[in-house]
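Inside the fold
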Amino acid sequence: MRRLRPAPTNSKSCVDGIHLMVQEWQEQQPNIDVVLHIQDGVALFSEQCAKQYRVISEQVSVTLYRFVQESLTNIAKHAQANHVDISLNLVDSKTDNDAQYLCLEIKDDGNGFDGQTISSGMGMIGMRERICAVGGEFFVSNNTPKGLIVCAKIPIHIACAE
Ligand SMILES: Nc1ncnc2c1ncn2[C@@H]1O[C@H](COP(=O)(O)OP(=O)(O)O)[C@@H](O)[C@H]1O
Ligand SMILES: [Mg+2]
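Residues numbered from 1 in each chain as written. Chains lettered and ligands numbered in written order. Predicted model: local features only at pLDDT ≥ 70, side-chain atom pairs only at ≥ 80, totals over all residues.

1. Here we look at the overall build of the protein
Keep this limit in mind: Counting from the N terminus, the helices are the DSSP runs of H or I reaching at least four residues and the strands are the DSSP runs of E reaching at least two. Once C-beta atoms have been placed from the backbone, residue pairs whose C-beta atoms lie within 7 Å are recorded as contacts.
Looking only at helices and strands, the protein features three helices and seven strands. The order of helices and strands in the protein, counted from the N terminus, is α-β-β-β-α-β-β-α-β-β. Sequence separation of 24 or more characterises 71% of the internal contacts of the protein that already satisfy a separation of 6 or more.

The structure is reproduced here in structure tokens:
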């Protein structure tokens, strides 16, 4: 039932919602350590900062939440991991001064992909589609020495404040 809960619809409640989701997941998975790192300022998107404000749409907010939700479900179901690191950071674009990206990365130290199971389910396909729908990029790779890394890079627009 928890998986059906509505996703939070703004950046502040999205970050709060991710915290809560991770906390509940940790309670259900006491043998897996999960560490959540959310960069300072990521929760403040809708607030004015200097003469600029960053805009995170409702769709991006929901996308971030669902991405963490599906990744944690997959880790519980498939990974046999001991440790999970989740990070959400704001990164400057190397080519465009007015652009920044949200980078959401989820790393586990479990089984990783064995090379044959990659496209078996709909969860990963859905994650990729949601990220593409907000103009972002989705990456999956094996972690070293073991486990999986799923990563989403989503562009954020910066607008001038009035
Ligand atoms: N964190 C993970 N560690 C190992 N294997 C994974 C992980 N996440 C997904 N997988 C593999 O990728 C497959 C596809 O995942 P997904 O599309 O979410 O489908 P489903 O979870 O319904 O099987 C899974 O069936 C599983 O074999
Ligand atoms: Mg899945």
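This is not the end of the story, as more comes after the structure.
2. Focus on the nonpolar core
Proteins that are soluble and globular tend to have nonpolar side chains buried together. Heads up, the rule is: For this analysis, nonpolar core means a set of buried Ala, Val, Leu, Ile, Met, Phe, Trp, Tyr and Cys residues linked through C-beta atoms within 7 Å. Between the buried cut of 20 or more and the exposed cut of 12 or fewer other C-beta atoms within 10 Å of a residue's own C-beta lies the partly exposed class, and all C-beta atoms are placed from the backbone.
Core analysis: the biggest nonpolar cluster contains 29 residues, and Ile18, Leu64, Phe67, Val68, Val84, Leu104 and Ile154 have the highest contact counts within it. At the level of secondary structure, the elements contributing two or more residues to this core comprise α1 (11-28), α2 (58-79), β4 (83-92), β5 (99-108), α3 (123-133) and β7 (148-160). Sorting elements by how many residues they give to this core places α2 first, with eight residues.

3. Brief notes about the confidence of the model for the protein
What counts here: pLDDT expresses how confident the predictor is about each individual residue, on a scale running from 0 to 100.
Mean pLDDT over the protein stands at 85; residues scoring 70 or higher make up 81%. Mean pLDDT values over the elements of the protein span from 50, in strand β2 (residues 48-49), up to 96, in strand β1 (residues 33-38).

4. Some words on the pairing of β5
Keep this limit in mind: Here, strands pair whenever DSSP counts at least two bridges between them.
By the bridge criterion, nine bridges tie β4 to β5 in an arrangement that is antiparallel. Bridge pairing in β5 places Leu88 opposite Leu104. The antiparallel hairpin formed by β4 and β5 contains six residues in its connecting segment.

5. Considerations on the environment of Ile156
Of note, Ile156 is situated in strand β7. Its 21 C-beta neighbours within 10 Å are what place Ile156 among the buried residues. Taking the C-alpha atoms as reference, Ile156 lies 9.8 Å from Asp92; in sequence the two are 64 residues apart.

6. As for the environment of Met124
Along the polypeptide, Met124 turns up in helix α3. The spacing of Met124 and Phe67 is 57 residues in sequence and 9.2 Å in space, taken between C-alpha atoms.

7. A look at unusual backbone geometry
Looking along the chain, the bond that leaves Thr144 and enters Pro145 is cis, with omega of 0°. Of note, Pro145 is situated in the loop between β6 (137-142) and β7.

8. A few points about α2
As a reminder of what qualifies: Between the first and last residue of a helix there are one fewer steps than residues, each counted as 1.5 Å, and that sum is the expected span.
Compared with the 32 Å implied by 1.5 Å per residue over 22 residues, the 30 Å span of α2 between its first and last C-alpha is a close match. Within two residues after α2, Gln80 carries a phi angle of roughly 55°, on the positive side.

9. Description of α3
Operational definition: Arc definition: it is the arc formed by the directions from the helix axis to the C-beta atoms.
Within the span of α3, buried status applies to Met127, Arg130 and Ile131. Down the axis of α3, the smallest arc covering the buried residues is 95°, so these residues share one side. When the buried face of α3 is taken as reference, the exposed residues oriented beyond 90 degrees from it are Ile125, Glu129, Cys132 and Ala133. The first or second residue beyond α3 is Gly135, which carries a positive phi of 75°.

10. Section: the packing of α2 against α3
Our working definition: Fitting a line to C-alpha atoms yields each axis, with helices limited to the stretch in contact; the angle taken between N-to-C directions then spans 0 to 180 degrees. In these notes the angle categories are as follows: under 35 degrees is roughly parallel, over 145 is roughly antiparallel, 65 to 115 is roughly perpendicular, and the rest is oblique. Note: crossing handedness is left-handed where the near helix turns anticlockwise from the far helix by less than a right angle, and right-handed where it turns clockwise.
Two numbers describe how α2 lies on α3: the axes approach to 10 Å, and their chain directions differ by 160°. By the criterion of interaxial angle, the relationship of α2 to α3 is roughly antiparallel. Here the hand of the crossing between α2 and α3 comes out left-handed. Along the contact surface, α2 presents Thr63, Arg66, Phe67, Glu70 and Asn74, while α3 presents Gly123, Gly126, Met127, Arg130 and Ile131.

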